[in-house]
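Structural overview for review
Here is what each chain is made of, one letter per residue.
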Amino acid sequence: LDSRTQEEAIARNDLQRLIEADSKRVRLDAYAEGALLGSDPSVSGRAYRSAADRDGHAWTAGLQFSVPWGQREGIARTRRADLVIEQAQIRLIELKQELYKRSRSAWRAVEAGNERLKSARARLDFEEGAHAQARARYDRGLTSFRELLEAQRDLDAARRMTESVLPEELRVRARNLARTK
């Protein structure tokens, strides 16, 4: 929203700068005029004869050349418009950089959460396999009950870690979603 506002301000100020620059240009205007003062009732051929006789008709043609003189105020307004445009462009760049920074940070947070989740799931898979092996060894009488309990403790720790990582990952994603809106 802020970047759209800055872009509109830039466009508005650019238009103002063009108007100010146009007011300083040299102008050459051509013009032609004709007037009928009403002393001749018919406009046909007699109007031309009356114009030559100068009885109430006026015909004018010419060129008008104007050069702006002493344009300090116009130059100052143009420079001020240029500065305002430059400031708005700088602000727009800052806004875009801040947006890129936020999006990079959000992306990193999501990626780090995904990696934590993958790691927790891999550990859980490993501990489930280790527990199954310890259970099988215990059932055959190859290992002690203590080793089975240690495998169960490790499996429970892996489950708790997986269960704690998942809500944290969901919170990170929800926070990033809220920031983008």
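Structure: see above.
A short tour of the structure in this document, coming up. Predicted, not measured: the structure shown is a model, and the values here were computed from it.

Here the focus is the overall build of the protein chain. When helices and strands are counted, the protein chain shows 4 helices and 2 strands. Listing the helices and strands of the protein chain from first to last along the sequence gives α-β-α-β-α-α. Buried residues in the protein chain amount to 19% of all 181 residues. The long-range fraction of contacts in the protein chain, counting pairs at least 24 apart against all pairs at least 6 apart in sequence, stands at 76%. In the structure as shown, the protein chain presents an accessible area of about 14000 Å², 54% of it carried by carbon and sulfur atoms.

Bringing the pattern of salt bridges into the picture now. With the rule as written, the count across this model stands at 9 salt bridges. As a salt-bridge pair, Arg146 and Glu150 come within 3.4 Å of each other at their nearest N and O atoms. With a gap of 4 residues between them, Arg146 and Glu150 both fall in helix 4 (residues 145–180), about one helical turn apart. A salt bridge links Asp154 to Arg153; its shortest N-O distance comes to 3.6 Å. A relative accessible area of 27% means that Asp154 is categorised as partly exposed. Here the residues in one salt-bridge network are Asp14, Arg17 and Asp82, joined through shared partners.

As a further point, take the packing of aromatic side chains. For the coordinates displayed, the defined rule picks out 1 aromatic pair. Plain terms: the ring middles of Tyr138 and Phe145 are 5.7 Å apart, the flat faces sit at 55 degrees to each other, and that makes the pair tilted. Given the relative accessible area of 46%, Phe145 is considered partly exposed.

Examined against the element boundaries, Glu73 turns out to sit in helix 3 (residues 72–140). It is 9.7 Å that separates the C-alpha atoms of Glu73 and Glu20, two residues lying 53 residues apart in sequence.

What follows concerns the side chain of Gln6. Position of Gln6 among the secondary structure elements: in helix 1 (residues 2–23). Contact partners of Gln6, with chain neighbours within four places excluded, come to Ala88, Arg91, Leu92 and Leu95.

With that settled, the discussion passes to a nonpolar patch on the surface. Residues Leu15, Leu18 and Ile19 make up a contiguous nonpolar surface patch of about 290 Å² in total accessible area. Note that Leu15 resides in helix 1.

Rules used in this analysis
- Residues numbered from 1 in each chain as written.
- Predicted model: local features only at pLDDT ≥ 70, side-chain atom pairs only at ≥ 80, totals over all residues.
- Heavy atoms only, no water.
- Helix = DSSP H or I, 4+ residues; strand = E, 2+ residues; numbered from the N terminus.
- Buried < 20%, exposed > 50% of the residue type's maximum accessible area, 1.4 Å probe, protein only.
- Contact = heavy atoms within 4.5 Å.
- Areas by Shrake-Rupley, 256 points an atom, 1.4 Å probe, with all protein chains shown as cover.
- Salt bridge = Lys/Arg side-chain N within 4 Å of Asp/Glu carboxyl O.
- Phe/Tyr/Trp six-rings, centres within 6.5 Å; stacked < 30°, edge-to-face > 60°.
- Patch = residues over 30% accessible without salt bridge, like charges linked within 9 Å, V, L, I, M, F, W, Y side chains within 5 Å.

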